[in-house]
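Observations on the model geometry
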Amino acid sequence: MPPAAATNLGYTPPDGGWGWAVVFGAFISIGFSYAFPKSLTIYFKEIQEYFSVSYSEIAWVSSVMLASMYAGGPVSSILVNRYGSRPVVIVGGVLVCTGMALASFGTNIIHLYLCVGVIGGFGLAFNLQPSLTIIGTYFQVKRPMANGLAMTGSPVILSTLAPLNQFLFDSFGWRGSFLILGSIVLNCCVAGALMRPVNKSIPRKTIDESSKCESEAQEHAAAEDTTTHSDNLQTEDQSESKGHSFVQKFIDLSLFRHRGFLIYLIGNVVLFFGFFAPVVFMAPYAKHQGIDEYSAAFLLSIFALADMFIRPTTGLVGNTKWIRPRIQYFFSFAVSYNGVCHLMCPLASGYTGLVVYAVFFGLAFGMLSALLFEVLMDLVGAPRFSTAVGLVTIIECGPVLLGPPMAGALVDYFGDYKYIYYACGVFMLVSGIFFFVMHYYNYKKLDEERGKSKAMETRNSDEAVQLKMNQADRTMNETDE
Amino acid sequence: IASLSSPSFPSLSFCLASGLAEAASKPKINASDQTILTADTSSKQVILQCNLTTAHTRHKESFWMKNGQDIPNTRTEQKDTIYRINKPRADDSGEYMCVYTFDTAPNANTTIEVKAKPDITGHKRSENKNEGENATLYCKSVGYPHPTWTWRKMDGKSPMLDNSTGRIFITNRDNYTELNILNLDINTDPGIYECNATNAIGNNAQTTILRVRSHLAPLWPFLGVLAEIIILVVIIVVYEKRKRPDDIIDGKTTFAFLMCFFPRKTNSTNNHKDKNIRQRNTK
């Protein structure tokens, strides 16, 4: 069973129905958020020649876009808390479209930084956060599955965008391609249109479907408590924000006192130093070993394919009754597996070795990505997830941006790629072990707390049932008289 | 041109210096005649030979040079020196020189020309540019003697292109030519362009396709995708507006209690019906 804190949503999520359409919308949104910056690199060579700038200046476009995407996290959290997911995603899609369309008329590189980098990055931020948030509102029991499916969007859309971008580039040049990409990215608005706010006015039964009616008197009383609670707050979409709406208008800093959130944050900061660098350096490492360009590119395709298949599988596995209660351990395992994979990479020799590495790394990367936000939802619960993810992304901004250049500096200093893999492996292994230890401690604490709160709940519900029966008796006596 | 195809010794012209007693006579070198590489000779070996005659002082060493640059590993102290070219290709052609060095006299050399038809090694198969931009088509060749370049547009009518129109500029260097078209015009400029390299032995040509993209070309896909998106959004919104009224249910608290009779999510209309029946039964 998931920890007690997470279920206190005030309603029972549908766990299906329209939720799957929302997952599809999130799939598209998340896919574009992650894949779009990576796929733009195809145009860089031509733009570099067109504007006569150096390679590092053109690479800044990607970095600015990524930085804006992560920095826009808190802004997008605030907007989601206020307005719900749907308007924010639609605005995000329109922003990226505008940014790309303006960039297609660009006359210098600064223009590109602003349009593609800043405006585009913010638009993508407005896509990422709300998509993740809305999954938490629609799913509870099947949430790992939903998350896994939604995160599959990233490799799928990257595999679609990469050849599409090449085709557009050949047919239309970079300006025409930017314009057309702007229109393609408007599909995020379609995804946003699918993200109907969940209907919280239907108080459904709690998760147990098989229990009898008589034994459920207590549960009904408890459910009634929560439903009356939600009734009072039912006028707005985000009912829980009513209670502390002023604080949540800005950043909910009380999260920094949340034990699980802190564990996640610290572990993630270490993790992200070594997360993206191996992907970035896979092709150069292969070429360094003497492998030709096409085979090196094929390695990335193998990686993406492995990634694509493992994400829903991880969601499925995470949903099983053995893993779900202790999903944090699954996440720690995924992180450590990543670390081990990188540490073993320098042992891979020749092309076959690298193919094997690409497969294992794809599996590791996908597993981690599928669980990345699921565990955060599991820790802080759906109501505070939006703020949490905003805070996490802005703090992760640093490691994500610093990781690949630091790895590049390592390569330049040592002249050998294997040190990157050792470094990244160490980072991930350390954070994996940190997660294992801290989550063991956290689970123990949560079990204790749940034991205490359950005792209090049964006491309260007994009293409530007693109270209601007294009231019913009184009214019956009154009507009789 | 006498086509003296090698391998064996061609007729060496002997040129004896008159007056052997002249102390200051220059050393004479007998060398093979010029060679022309053709498609037939491409599998046979080409042998260049130099023979030093009538040298007064002992020569120090001899070596070969091609096109003004030393060929490595050709230094020898022999009087007769031979340079072999196996499987000669067009880039083996050039000016070959055998050089004899002396301690007390200046170097003596003789030039042997190896000529071939030019071979075009570098060109772009196609070039895509937007209208109004500048296009650069180029061709690189190997072969000696250096060819003269001409450009043609293969549309049947206009023969040679030159610098007269003011929009088209051709720059030729020894083995490289460049055709620059400024301010591309979408009506007249697209087509197949041919660069032709001609020298005394023969000629060779390669073609490049130039495509000019219109400014408005990306607009149609853009509008098309935009239309598709608007249609999808409208469909989704309309579907939602039609579903919405059924989903809203009132009477929440009693409904919660009644949910024990409906363990699964049911259709809203059924709930309305059953609620009334159940209320009567339970109270």
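Residues numbered from 1 in each chain as written. Chains lettered and ligands numbered in written order. Predicted model: local features only at pLDDT ≥ 70, side-chain atom pairs only at ≥ 80, totals over all residues. Heavy atoms only, no water.

Chain B appears in an unreviewed UniProt entry as Neuroplastin b from Maylandia zebra. The record in UniProt for chain B states the following under Subcellular location (unreviewed entry): "Cell membrane". (UniProt positions renumbered as here; feature names shortened; annotations may be inferred.)

Per an unreviewed UniProt entry, chain A is named Solute carrier family 16 member 7, and its organism is Maylandia zebra. Per UniProt, chain A has the following entry under Sequence similarities (unreviewed entry): "Belongs to the major facilitator superfamily. Monocarboxylate porter (TC 2.A.1.13) family." Quoted straight from UniProt, the Subcellular location (unreviewed entry) entry for chain A says "Basolateral cell membrane".

Looking now at the packing of helix α17 (residues 350-380) of chain A against helix α18 (residues 382-414) of chain A. All names here are of chain A. Across the interface, α17 lies against α18 with an axial gap of 8 Å and an inter-helix angle of 125°. Comparing their axes, α18 and α17 come out oblique. Taken as a pair, α17 and α18 cross one another with a handedness that is right-handed. In contact with Phe373, Leu376, Met377 and Val380 of α17, α18 contributes Ala382, Arg384, Phe385, Ala388, Val389 and Val392. When the residues that make up the contact of α17 with α18 are grouped by side-chain class, the tally is nine nonpolar, no polar and one charged. (Axes fitted to C-alpha atoms, helices over the stretch in contact; angles between N-to-C directions. Helix = DSSP H or I, 4+ residues; strand = E, 2+ residues; numbered from the N terminus. Parallel < 35°, antiparallel > 145°, perpendicular 65-115°, else oblique. Left-handed = near helix turned anticlockwise from the far one by under 90°. Contact = heavy atoms within 4.5 Å. Nonpolar A, V, L, I, M, F, W, Y, C, P; charged D, E, K, R; others polar.)

Attention now moves to the state of the cysteines. Residues and elements named next belong to chain B. For the coordinates displayed, the defined rule picks out two disulfides over all chains. Across a sulfur-sulfur distance of 1.8 Å, Cys50 and Cys98 are joined as a disulfide pair. Handedness here is read from the sign of the S-S torsion; for Cys50 and Cys98, about -75°, the answer is left-handed. Within this pair, whereas Cys50 is found in strand β3 (residues 46-53), its partner Cys98 is found in strand β7 (residues 94-102), the two being separated by 48 residues in sequence. The residues Cys50 and Cys98 share a single accessibility class, namely buried. (Disulfide = S-S within 2.5 Å. Buried < 20%, exposed > 50% of the residue type's maximum accessible area, 1.4 Å probe, protein only.)

Here we come to the confidence of the model for chain A. Residue and element names in this part refer to chain A. Here chain A averages 83 in pLDDT, while 87% of its residues score no lower than 70. Mean pLDDT per element in chain A: helix α11 (residues 217-232) is the minimum at 36, and helix α6 (residues 85-103) is the maximum at 94. With pLDDT under 50 throughout, residues 1-6 is counted as low confidence; its partners more than four residues away or in other chains account for 12 contacts. Taken as a whole, residues 206-244 scores under 50 in pLDDT and shows 42 contacts with residues more than four places along the chain or in a different chain. (pLDDT = per-residue confidence, 0-100.)

A few words now on the packing of aromatic side chains. For the structure on display, the rule yields 37 aromatic pairs over all chains. For the pair A:Tyr50 and A:Trp174, a centre-to-centre distance of 5.6 Å together with 75° between the ring planes defines the contact as edge-to-face. One end of the pair, A:Tyr50, is in helix α3 (residues 44-51); the other, A:Trp174, is in helix α9 (residues 153-185), and 124 residues separate them in sequence. Relative accessible area serves as the criterion here: at 3%, A:Trp174 is assigned to the buried category. Here the aromatic residues A:Phe272, A:Phe275, A:Phe276, A:Phe281, A:Tyr285, A:Phe303, A:Tyr357, A:Phe361, A:Phe365, A:Tyr417 and A:Tyr421 are joined through ring pairs into a cluster of three or more. When the ring centre of B:Phe63 is taken as origin, the NZ or CZ atom of B:Arg75, which lies over that ring, is 4.1 Å away. (Phe/Tyr/Trp six-rings, centres within 6.5 Å; stacked < 30°, edge-to-face > 60°. Lys NZ or Arg CZ within 6 Å of the ring centre and 35° of its normal.)

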